[in-house]
Amino acid sequence: MTALVTGVTGAGSVAPEIPVRPGRRRSGAWRFAVLIVLGLYFLVPIGASVLFTVRDRGRGGLTLEHYAEIPGADGFAEAFTRSLALGGLTVVLVLLLMVPTVVLVELRLRRLRTTVELLTLMPLVLPPIALVVGVRSVLSWAPDYFLNTPLAEAFFALQEPALPWILVFVYVVLAMPFVYRALDAGVRGADLRTLTEAARNLGASWPRVLVSVVLPVLRTSVLNAAFLTLALVLGEFTVAAILGFETFPTWIVRISGSQPQLSVAVSVLSLMITWVLLLLISALDRRRGTKENS
């Protein structure tokens, strides 16, 4: 009888309280403290940089003149435009290379998934400094061995200062690990096999399937891959400096000695633009999820 009463009490209208372990409360406090420390780790340097750029050393107080000088700064327009062009070309080439590769591996060559993943990880294993030294050694073959030949002319065209295509090819290699991971995550989360088979059964060609089916499904992944690639190009310094081309990062370093506040102001502004692009991608992803749920 006692056992029966005990069972009824446990299943009554008032549920027994679930005990909260003290360790969980302490772990929650530790997480909050860690988040605060990490936030300060990122925000304090940025805040110090902003304060350095807006401080008027001559008259005291605050000023935005260094930010106003950015558009008219010597060499800024050329370097920034060149980096944007390099970034756009890199995004186009790496997506043209990786989107069909990821789709082909997912639909037809799943046994090669591990091999493709290892190949795309190679740029992370190989240091960029070693890669660019090898590229420079190959480019030096043009005047040494292939002078007055079409191959030498092609090598010289790749090194045109106005638009150095050799940087585009190197950046494509450097961006492959990030682009592949972003696209592969989108492919794994979508029923791509069913969608492509339905499109093929309706008579669509493979290029039409890629444009009308695959890209809309992978829109967020493609945007993430494009953002990562553009951020890599706009922030890459080593390859451009060793090969002797002036891009946006190398221009910032060049003026840092004579105009330190201006160089820091440009760096802060580029960081803000990167954050805005990231927020736009997050907003697009959230809007798409809301439409799908509704």
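For the structure, check the block above.
Residues numbered from 1 in each chain as written. Predicted model: local features only at pLDDT ≥ 70, side-chain atom pairs only at ≥ 80, totals over all residues. Heavy atoms only, no water.

Engineer: An account of the overall build of the chain is requested, with residue identities and associated values reported.
Structural biologist: In terms of helices and strands, the chain carries 15 helices and zero strands. Within the chain, the fraction of its 294 residues that count as buried is 31%. Considering only contacts in the chain between residues 6 or more positions apart, those separated by 24 or more positions represent 73%. Roughly 18,400 Å² of accessible area belongs to the chain as shown, and the carbon and sulfur atoms make up 68% of that amount. (Helix = DSSP H or I, 4+ residues; strand = E, 2+ residues; numbered from the N terminus. Buried < 20%, exposed > 50% of the residue type's maximum accessible area, 1.4 Å probe, protein only. Contact = heavy atoms within 4.5 Å. Areas by Shrake-Rupley, 256 points an atom, 1.4 Å probe, with all protein chains shown as cover.)

Engineer: Mind laying out the nonpolar core, listing which residues take part and the relevant values?
Structural biologist: Core analysis: the biggest nonpolar cluster contains 45 residues, and V94, L95, L167, Y171, V179, V239 and L243 have the highest contact counts within it. Listed by contribution, the elements that provide at least two residues to this core are α4 (76-107), α6 (128-139), α9 (165-188), α10 (192-201), α11 (206-217), α12 (219-235) and α13 (238-243). Once residues lying within four places of it in the same chain are set aside, the contact partners of V179 are V94, L95, M98, A225 and T229. With eleven residues, the next largest nonpolar core counts I70, I252, L262 and V266 among its residues. (Core = buried A, V, L, I, M, F, W, Y, C linked by side-chain atoms within 4.5 Å.)

Engineer: Go over α11 with me, naming the residues and quoting the values.
Structural biologist: Counting along an α-helix, one turn takes 3.6 residues, and residues three or four places apart therefore face a common direction. For α11, every residue scored as buried is listed here: V209, V213 and V214. The buried residues of α11 occupy an angular sector of 85° when projected down its axis, which confines them to one face. Residues of α11 that are exposed and point more than 90 degrees away from the buried face comprise P207, R208 and V211. Residues of α11 that are buried sit in contact with α4 and α10. (Arc of directions from axis to C-beta.)

Engineer: Give me the lowdown on the side chain of T196, citing residues and values where you can.
Structural biologist: Structurally, T196 can be placed in helix α10. With relative accessibility at 2%, the residue T196 sits in the buried group. Reaching out from T196, the side chain makes a polar contact with the backbone oxygen of R193 at a distance of 3.0 Å. The residues contacting T196, other than those within four sequence positions of it, are L107, V209 and V214. (Polar contact = N/O pair within 3.5 Å; in protein donor to acceptor, adjacent residues only side chain to side chain.)

Engineer: Pulling in residues and values, what's your account of the packing of α4 against α11?
Structural biologist: At a minimum axis separation of 12 Å, α4 and α11 run at an interaxial angle of 95°. The angle between α4 and α11 falls in the class roughly perpendicular. For the pair formed by α4 and α11, the contact residues are V99, V103 and L107 on the first element and W206, L210, V214 and L215 on the second. In terms of residue class, the contact of α4 with α11 is made up of seven nonpolar, no polar and no charged. (Axes fitted to C-alpha atoms, helices over the stretch in contact; angles between N-to-C directions. Parallel < 35°, antiparallel > 145°, perpendicular 65-115°, else oblique. Nonpolar A, V, L, I, M, F, W, Y, C, P; charged D, E, K, R; others polar.)

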